[in-house]
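These are the residues of each chain, in order.
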Amino acid sequence: MGLLTLAEDRSRAAEHLRRALPYLRSPQESLRQAAISFIGIAGRHLRGQQEELQLIYGALEDASRDISPAVSSLAHQTAYVLRALERAPRPIFQMLRDRLRRACRTRPRLSGCGWLQCWSSSST
């Protein structure tokens, strides 16, 4: 479910994250585990967004004190992985993709259809 939600609209990862937080207080252990897994997935999409990451780390810290050893362990592991991802250098292709996406959002579309068209001088 989490992958599908984020795959549909990664730009709303912070919004989806905030919706998942109340499930950390669910009486059902399986819901708390699912919420932690989803928060971990959302955290990967929020790289560099310090406000949201601090919210995640705080929620995971609280969840690491859960009465369930499974929930507590998952919260520790998720926080560890997200912190490791924050310290890791970003792959060059990911940085280029992110720059291109930002440029596409801030620039007007070309020729009204959103596609850049290139013609060869020999074909005209």
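Everything in this summary refers to the structure shown in the same document. Values in this document were obtained by computation on a predicted structure and should not be read as measured data. (Residues numbered from 1 in each chain as written. Predicted model: local features only at pLDDT ≥ 70, side-chain atom pairs only at ≥ 80, totals over all residues. Heavy atoms only, no water.)

## Focus: the overall build of the protein
So, point 1. Helix and strand content of the protein: six helices and zero strands.
So, point 2. Counting from the amino terminus, helix and strand elements in the protein follow one another as α-α-α-α-α-α.
So, point 3. Counting the 124 residues in the protein, one finds 31% classified as buried.
So, point 4. Long-range contacts, defined as pairs at least 24 residues apart, comprise 59% of the intrachain contacts of the protein with a sequence gap of at least 6. (Helix = DSSP H or I, 4+ residues; strand = E, 2+ residues; numbered from the N terminus. Buried < 20%, exposed > 50% of the residue type's maximum accessible area, 1.4 Å probe, protein only. Contact = heavy atoms within 4.5 Å.)

## Here's the deal with the pattern of salt bridges
Side-chain pairs of opposite charge can arise where the charged atoms are in close proximity.
So, point 1. Evaluation of the coordinates by the stated rule reveals five salt bridges.
So, point 2. E15 is paired through a salt bridge with R19; the nearest N and O atoms lie 2.6 Å apart. Of this pair, E15 and R19 are both found in helix α2 (residues 13-20), four residues apart, which corresponds to roughly one turn of the helix.
So, point 3. The partner of D66 in a salt bridge is R32, and the shortest N-O contact between them spans 2.8 Å. Remark: R32 occurs in helix α3 (residues 29-45) and D66 occurs in the loop between α4 (50-63) and α5 (69-87); sequence separation between them is 34 residues. This pair shows no difference in class: D66 is buried, exactly as R32 is.
So, point 4. Within this structure, E61, D62 and R65 form a network of salt bridges that share partners. (Salt bridge = Lys/Arg side-chain N within 4 Å of Asp/Glu carboxyl O.)

## Digging into the environment of L74
So, point 1. Within the fold, L74 resides in helix α5.
So, point 2. Distance from L74 to S37, taken between C-alpha atoms, is 7.9 Å for residues 37 residues apart in sequence.
So, point 3. If near-sequence neighbours (up to four positions away) are discounted, L74 is found in contact with Q33, I36 and S37.

## Structural notes on the nonpolar core
So, point 1. Ranked by internal contacts, the top residues of the largest apolar core, which has 22 residues, are L17, L24, I36, I39, I56 and L60.
So, point 2. Ranked by residue count, the leading element in this core is α4, at six residues. (Core = buried A, V, L, I, M, F, W, Y, C linked by side-chain atoms within 4.5 Å.)

## Quick look at the packing of α2 against α4
So, point 1. Two elements in contact, α2 and α4, have axes whose closest approach is 11 Å; the angle formed by their N-to-C orientations is 20 degrees. With respect to α4, the axis of α2 lies roughly parallel. The handedness of the crossing between α2 and α4 comes out as left-handed. Residues A14, L17 and R18 of α2 form the contact with α4, whose own contacting residues are E51, E52, L55 and I56.
So, point 2. Considered class by class, the residues forming the contact of α2 with α4 number four nonpolar, no polar and three charged. (Axes fitted to C-alpha atoms, helices over the stretch in contact; angles between N-to-C directions. Parallel < 35°, antiparallel > 145°, perpendicular 65-115°, else oblique. Left-handed = near helix turned anticlockwise from the far one by under 90°. Nonpolar A, V, L, I, M, F, W, Y, C, P; charged D, E, K, R; others polar.)

## Looking at the packing of aromatic side chains
So, point 1. Tallying each qualifying case throughout the model produces zero aromatic pairs.
So, point 2. In this structure, R83 is placed above the aromatic ring of Y57, and the distance from its NZ or CZ to the ring centre is 4.1 Å. (Phe/Tyr/Trp six-rings, centres within 6.5 Å; stacked < 30°, edge-to-face > 60°. Lys NZ or Arg CZ within 6 Å of the ring centre and 35° of its normal.)

## A word on a nonpolar patch on the surface
So, point 1. A cluster of nonpolar side chains, Y80, V81 and L85, forms an exposed patch at the surface whose accessible area comes to about 280 Å².
So, point 2. As for its position among the elements, V81 is in helix α5. (Patch = residues over 30% accessible without salt bridge, like charges linked within 9 Å, V, L, I, M, F, W, Y side chains within 5 Å. Areas by Shrake-Rupley, 256 points an atom, 1.4 Å probe, with all protein chains shown as cover.)

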